[in-house]
Amino acid sequence: MSQNRSVLLVDDSKFARLLVKAFITSNYADWRVDEAEEAEKAQVMAAEHAYDYLLIDFNMPGMNGLELGEKLRAAYPDAAIALLTANIQKEIQNKAHGLGMDFLAKPPTEEKICDYLKGKEAGR
């Protein structure tokens, strides 16, 4: 496994951020995991630090996860960006994939999050 990766969790739910952060830190103790509760803060944070992984909720106040993902994908073409949402409509999934984003359905589980990260790490 690669060392010292960094993850930005973007979700307006503090509980969802804490849960996903706990899954990542318990499996990847040396990784940096930062949190943003909305898109504008996420953009500022991403501009200050090049994240390897961005996990973005779809339903947030202001800019939604697809809009944020599109902006971040353009700015960070090498980052792994996933839409993590309970909105599992095929249209949302297709839009995410069309923007170069992966799709992870909520609720997040440790297995789901870690399988995603392991798969992405293997592909690096």
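Further up the page is the structure itself.
The sections below set out a description of the structure shown in this document.

So, the packing of aromatic side chains
Here comes step 1: All told, the structure shown has two aromatic pairs when counted by the stated rule.
Here comes step 2: Ring centres of tyrosine 28 and tryptophan 31 lie 4.1 Å apart, and the angle between their planes is 20 degrees; this geometry places the pair in the stacked category.
Here comes step 3: Relative to tyrosine 53, the ring of tryptophan 31 lies with its centre 5.5 Å away and its plane at 10 degrees, an arrangement referred to as stacked. With tryptophan 31 in the loop between α1 (14-27) and β2 (32-36) and tyrosine 53 in strand β3 (residues 53-56), the pair connects residues that are 22 residues apart, well separated along the chain. Considered together, tryptophan 31 and tyrosine 53 belong to a single accessibility category, that of buried residues.

As for the sheet that holds strand β4 (residues 80-85)
Here comes step 1: In spatial order, the strands read β2-β1-β3-β4-β5; together these five strands make up an open sheet with parallel pairing. Each of the sheet's edge strands pairs with one partner strand only, and the pair in question is β2 and β5 (102-105). Neighbouring strand axes in the sheet, compared pairwise and without regard to direction, differ in orientation by 20 degrees on average.
Here comes step 2: Across the sheet, helix α4 (residues 90-98) lies against β4 and β5, angled at about 145 degrees from β5, the strand it touches most.

Describing unusual backbone geometry
Excluding glycine, residues mostly have negative phi values, and the peptide bonds linking residues are mostly trans.
Here comes step 1: Between lysine 106 and proline 107 the backbone carries a cis peptide bond, its omega angle lying at 5 degrees.
Here comes step 2: Topologically, proline 107 is positioned in the loop between β5 and α5 (110-122).

Some details on the pattern of salt bridges
Here comes step 1: In total, this model carries ten salt bridges according to the counting rule given.
Here comes step 2: A salt bridge links arginine 5 to aspartate 52; its shortest N-O distance comes to 3.6 Å. Of this pair, arginine 5 sits in the segment before β1 (6-10) while aspartate 52 sits in the loop between α2 (39-48) and β3, and the two are 47 residues apart along the sequence. Considered together, arginine 5 and aspartate 52 belong to a single accessibility category, that of buried residues.
Here comes step 3: A salt bridge links lysine 41 to glutamate 37; the shortest N-O distance between them is 3.4 Å.
Here comes step 4: Overall, the relative accessible area of 33% leaves lysine 41 in the partly exposed class.
Here comes step 5: Judged by its relative accessible area of 32%, glutamate 37 is partly exposed.
Here comes step 6: Look at the salt bridges and you will find they share partners, linking Arg5, Asp52 and Glu121 into a network.

Thoughts on the packing of α2 against helix α3 (residues 65-75)
Here comes step 1: Look at α2 against α3: their axes get within 10 Å of each other, and the N-to-C directions meet at 15 degrees. Viewed along their axes, α2 and α3 adopt a mutual orientation that is roughly parallel. Crossing of α2 over α3 shows right-handed handedness. For the pair α2 and α3, the contacting residues are Ala39, Ala42, Gln43 and Ala46 in the first and Leu68, Lys71 and Leu72 in the second.
Here comes step 2: By residue class, the composition of the contact of α2 with α3 is five nonpolar, one polar and one charged.

Scoring rules and cut-offs
Residues numbered from 1 in each chain as written. Predicted model: local features only at pLDDT ≥ 70, side-chain atom pairs only at ≥ 80, totals over all residues. Heavy atoms only, no water. Phe/Tyr/Trp six-rings, centres within 6.5 Å; stacked < 30°, edge-to-face > 60°. Helix = DSSP H or I, 4+ residues; strand = E, 2+ residues; numbered from the N terminus. Buried < 20%, exposed > 50% of the residue type's maximum accessible area, 1.4 Å probe, protein only. Pairing = 2+ DSSP bridges. Axes fitted to C-alpha atoms, helices over the stretch in contact; angles between N-to-C directions. Contact = heavy atoms within 4.5 Å. Salt bridge = Lys/Arg side-chain N within 4 Å of Asp/Glu carboxyl O. Parallel < 35°, antiparallel > 145°, perpendicular 65-115°, else oblique. Left-handed = near helix turned anticlockwise from the far one by under 90°. Nonpolar A, V, L, I, M, F, W, Y, C, P; charged D, E, K, R; others polar.

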